[in-house]
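# Structural overview for review
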Amino acid sequence: MPTLIVAEHDHKNLKPSTLHVVAAAKAVGQPTTILVAGFNCSEAVKAATSIVGIEKVLHADDAAYEHFLAENMAALVVKLAKEFSHVMTPATRIGKNFMPRVAALLDVAQISDVIAIESADTFQRPIYAGNAIATVQSKDAIKVITVRATVFDKAPATGGNATVTKIDGTGDSGLTKFIGQELSKSERPELTAARIIVSGGRALGSGENFKLLEALADKLNAAIGASRAAVDAGYVPNDYQVGQTGKIVAPDLYIAIGISGAIQHLAGMKDSKVIVAINKDPDAPIFQIADYGLVGDLFQIVPALTAAL
Amino acid sequence: MKILVTVKRVVDFNVKIRVKADNSGIELANIKMSMNPFDEIAVEEAVRLKEKNIAKEIVVVTLGVAQCQETLRTALAMGADRAIHVQTDLELQPLAVAKALKAIIDKEKPDLVIMGKQAIDDDCNQTGQMLAALLGWPQGTFASKVEPETDKLQITREVDGGLETIELKLPAVVTTDLRLNEPRYASLPNIMKAKKKPIETLTPEQLGVNLTPRLKTIKVTEPPKRKGGIKVSDVAMLVDKLRNEAKVI
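What comes next concerns the included structure.

Cut-offs applied
- Residues numbered from 1 in each chain as written.
- Chains lettered and ligands numbered in written order.
- Predicted model: local features only at pLDDT ≥ 70, side-chain atom pairs only at ≥ 80, totals over all residues.
- Heavy atoms only, no water.
- Contact = heavy atoms within 4.5 Å.
- Buried area = accessible area lost by both parts, 1.4 Å probe.
- Salt bridge = Lys/Arg side-chain N within 4 Å of Asp/Glu carboxyl O.
- Polar contact = N/O pair within 3.5 Å; in protein donor to acceptor, adjacent residues only side chain to side chain.
- Nonpolar A, V, L, I, M, F, W, Y, C, P; charged D, E, K, R; others polar.
- Pairing = 2+ DSSP bridges.
- Helix = DSSP H or I, 4+ residues; strand = E, 2+ residues; numbered from the N terminus.
- Axes fitted to C-alpha atoms, helices over the stretch in contact; angles between N-to-C directions.
- Parallel < 35°, antiparallel > 145°, perpendicular 65-115°, else oblique.
- Left-handed = near helix turned anticlockwise from the far one by under 90°.
- Buried < 20%, exposed > 50% of the residue type's maximum accessible area, 1.4 Å probe, protein only.
- Lys, Arg positive; Asp, Glu negative; His and termini not counted.
- Phe/Tyr/Trp six-rings, centres within 6.5 Å; stacked < 30°, edge-to-face > 60°.
- Lys NZ or Arg CZ within 6 Å of the ring centre and 35° of its normal.
- Expected span 1.5 Å × (residues − 1).

## Some details on the interface of chain A and chain B
- If you look at the interface, chain A gives 84 residues, while chain B gives 73 residues.
- When the area that chain A buries against chain B is broken down by residue, the three leading residues are A:Arg93, A:Tyr128 and A:Tyr292, summing to 13%.
- Between chain A and chain B we count seven salt bridges in total.
- Our count for the contact surface shared by chain A and chain B stands at 49 residue pairs in polar contact (both at pLDDT 80 or more).
- Residues of the side of chain A that touches chain B, tallied by class, amount to 40 nonpolar, 23 polar and 21 charged.
- As judged from the two bridges shared by strand β16 (residues 292-295) of chain A and strand β13 (residues 230-231) of chain B, these two strands associate in the parallel manner. What sits directly across from A:Tyr292, in β13(B), is B:Ile230.

Structure below.
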């Protein structure tokens, strides 16, 4: 039986996480269909047809999917799922929201945050904030899976030639209503897609001081992240948070500035290819996993680093 | 409004866990156990709604071994009114827990269920959503603000790009995120008072649910260790290493 991927998109473009999930699905080794459920989302549908590895695109276009409300998304996915052995989506806030609802309605377990696919029924997933890895086997008829996108490569976005089937939606549940959103606006790359991330901790001391990081990030075309301590202190918005309960990232270069390295932060960034730590405390735990550590005052080091690039 | 809150007994968040030598799981003998931090936030939110006279009664529920009663006592000391303990030694997975909770909710008929968004042991982040699905109720996950009105609820959610506000019809399931509130510590008089609050103990059989795990854990291993690198002496050396050794800039 084929695999169904539920695409994450903004109605125009596919989110990079979708491409990572397509690559993960390849490990299951079955024909793969992708569902694009949205509102006026034909551009995203078009993008989905050209992903290498996708055979079919299902296009559901309805106002009910404009904000990806869990009740509406789950009803649609459940209706389609019986034709598939695997249903996969990125383990983002959207996927984490609707996918367990799908699993419960199908009366199957969900396998959350999968980091490796050993076979069609056996998967690895992190537990205890990534301090242990569980290998689990599912005997359920349908495997409902959320994928930790960053650990898989991206499937090529162009070169494929999938067919599109327009399908009916399942309408609005009437249970929830979207009221509004406050999204952070930024010219920078998205945290989970950035090649370089400059991340700040409590030692920055204020939101104002994050400007130092911005100057450095501008030089490197980097995204800006933060530790939970910096977010809780109100220096930056919640969507900057890197860590077990924030975003999981794995860029080529992660520069941790004034971040001590609490377990929950390390869980969110330890798969980065190269880690740089700048901290005045030589015993900070972050140095134990950093490839390059520089002990000293960030307020001197960061401007000097920005100038040297 | 009647609120039902769920709590889970987990390894304390300050404990550095160890994988068992035979790779069968995590070493739990003589380890400090506590209430899952996200569940503390759930209890706190319910207690605040009671203090604002929005909630009339708070029922706290847990599933698990006999010692889970300690976790219920903590919730009662924080301000919950009574507790239900579904006692079992089985390994508990989210779908099974959601089914047991549904059976309790069918009887208790709360207007609102508040749960932690995930437990810090298995990190599943599923039970609230699954429960909402089984009940056919709306869900508000990752809540950073909860504002009840008469027959509906407005919640602000932490989403990937920032914040989102949605309105839920009641009854509903809400799961808590970190910034919803800061849970209180129970005072000594309240801890004493909590000892007299009722805990009802049930068996899975009494609820008529099958809690057998669906996923089989084949093994639990340590994650690959990341080796520490070197300390560089200054910015110039750092830039040189990044350019010429790591080749990432």
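## Quick word on the packing of helix α3 (residues 94-108) of chain B against helix α4 (residues 127-135) of chain B
All names here are of chain B.
- Direction vectors running N to C along α3 and α4 enclose 50°, while the axes themselves pass 9 Å from each other. Judged by the inter-axis angle, α3 sits oblique to α4. Handedness of the α3/α4 crossing: right-handed. Here Pro 94, Leu 95, Val 97, Ala 98, Lys 99, Leu 101, Lys 102, Ile 105 and Asp 106 of α3 lie close against α4, whose contacting residues are Thr 127, Met 130, Leu 131, Leu 134 and Leu 135.

## With respect to the side chain of A:Lys247
- Residue placement: A:Lys247 occurs in the loop between α6 (228-232) and β14 (253-257).
- No salt bridge is formed by the buried A:Lys247; its nearest oppositely charged neighbour, B:Asp160, is found at 4.6 Å.
- Within polar-contact distance, the side chain of A:Lys247 engages the backbone oxygen of B:Asp160 at 2.7 Å.
- Among residues more than four places away in sequence, those in contact with A:Lys247 are A:Leu191, A:Thr192, A:Asp239, A:Gln241, A:Val242, A:Gly268 and B:Asp160.

## Regarding the packing of aromatic side chains
- Here the structure, examined in full by the defined rule, presents zero aromatic pairs over all chains.
- Above the ring of B:Phe142, the side-chain terminus of A:Arg93 is found at 4.4 Å from the ring centroid.
- Looking at B:Lys231, its charged tip hangs above the ring of A:Phe287, at a distance of 4.6 Å from the centre.

## Considerations on helix α1 (residues 37-51) of chain B
All names here are of chain B.
- For α1, spanning 15 residues, the distance from its first C-alpha to its last is 21 Å, which sits close to the expected 21 Å at 1.5 Å a residue.
- Inspection of α1 places Phe 38, Asp 39, Ile 41, Ala 42, Val 43, Glu 44, Glu 45, Ala 46, Val 47 and Leu 49 among the buried residues, and these make up the whole buried set.
- Immediately beyond the C-terminal end of α1, within one or two residues, lies Asn 53, with a positive phi of roughly 65°.

## Concerning the pairing of strand β9 (residues 143-147) of chain A
Residues and elements named next belong to chain A.
- Counting buried positions along β9 yields five of five residues, so the element is predominantly enclosed.
- Because side chains alternate across β9, one face comprises the buried residues Lys 143, Ile 145 and Val 147, and the other comprises Val 144 and Thr 146, equally buried.
- Bridging between strand β4 (residues 86-90) and β9 involves five bridges; their strand directions are parallel. What sits directly across from Val 87, in β9, is Val 144.
- Taken together, the three bridges between strand β5 (residues 110-114) and β9 define a ladder with parallel strand orientation. In the sheet register, Gln 110 faces β9, and the bridge partner there is Val 144.

## Some remarks on the sheet that holds strand β7 (residues 122-127) of chain A
- If you walk across this open sheet you meet the four strands as β6(A)-β7(A)-β8(A)-β12(B), and the pairing is antiparallel. Sheet topology places β6 (116-119) of chain A together with β12 (215-221) of chain B at the edges, where each strand pairs with a single neighbour. Adjacent strand axes in the sheet meet at a mean angle of 30°, parallel and antiparallel pairs treated alike.

## Here we look at the side chain of B:Gln129
- Here B:Gln129 shows up in helix α4.
- Setting aside its immediate chain neighbours within four residues, B:Gln129 contacts A:Lys96, A:Asn97, A:Pro100, A:Arg101, B:Gln139 and B:Thr141.

## What to know about the pattern of salt bridges
- In the structure shown here, the tally under the stated rule is 33 salt bridges over all chains.
- We note a salt bridge from A:Asp232 to A:Arg228, for which the minimum N-O separation is 3.1 Å. Of this pair, A:Asp232 and A:Arg228 are both found in helix α6, four residues apart, which corresponds to roughly one turn of the helix.
- In this structure A:Arg228 comes out as partly exposed when scored by relative accessible area, which is 32%.
- One salt bridge connects A:Asp291 with B:Arg226, and the closest N-O pair in it is separated by 2.7 Å. Taken as a pair, A:Asp291 in the loop between β15 (274-279) and β16 and B:Arg226 in the loop between β12 and β13 lie in two separate chains rather than in one.
- Taking relative accessible area as the criterion, B:Arg226 reaches 22% and is therefore assigned partly exposed.
- A cluster of three or more residues bridged by salt bridges with shared partners is formed by A:Asp107, A:Asp140, B:Lys99 and B:Arg214.

## Considering the sheet that holds strand β11 (residues 199-202) of chain B
- Ordered by their spatial adjacency, ten strands build an open sheet running β11(A)-β9(B)-β8(B)-β7(B)-β10(B)-β6(B)-β1(B)-β4(B)-β5(B)-β11(B), and the pairing between neighbours is mixed. Edge positions in the sheet fall to β11 (176-183) of chain A together with β11 of chain B, since each has one partner strand and no second. Direction aside, neighbouring strands of the sheet carry axes that sit 30° apart on average.
- Bridge count between strand β7 (residues 139-148) of chain B and strand β8 (residues 152-159) of chain B: five bridges; the pairing is antiparallel. By the bridge assignment for β8(B), B:Val146 is matched with B:Ile155.
- Of the strands in this sheet, β4 (57-64), β5 (82-87) and β11 of chain B are in contact with helix α2 (residues 68-78) of chain B, which crosses β4(B) at around 165°.
- Lying on the sheet, α4(B) is in contact with β6 (112-116), β7 and β10 (172-176) of chain B; it crosses β10(B) at an angle near 175°.

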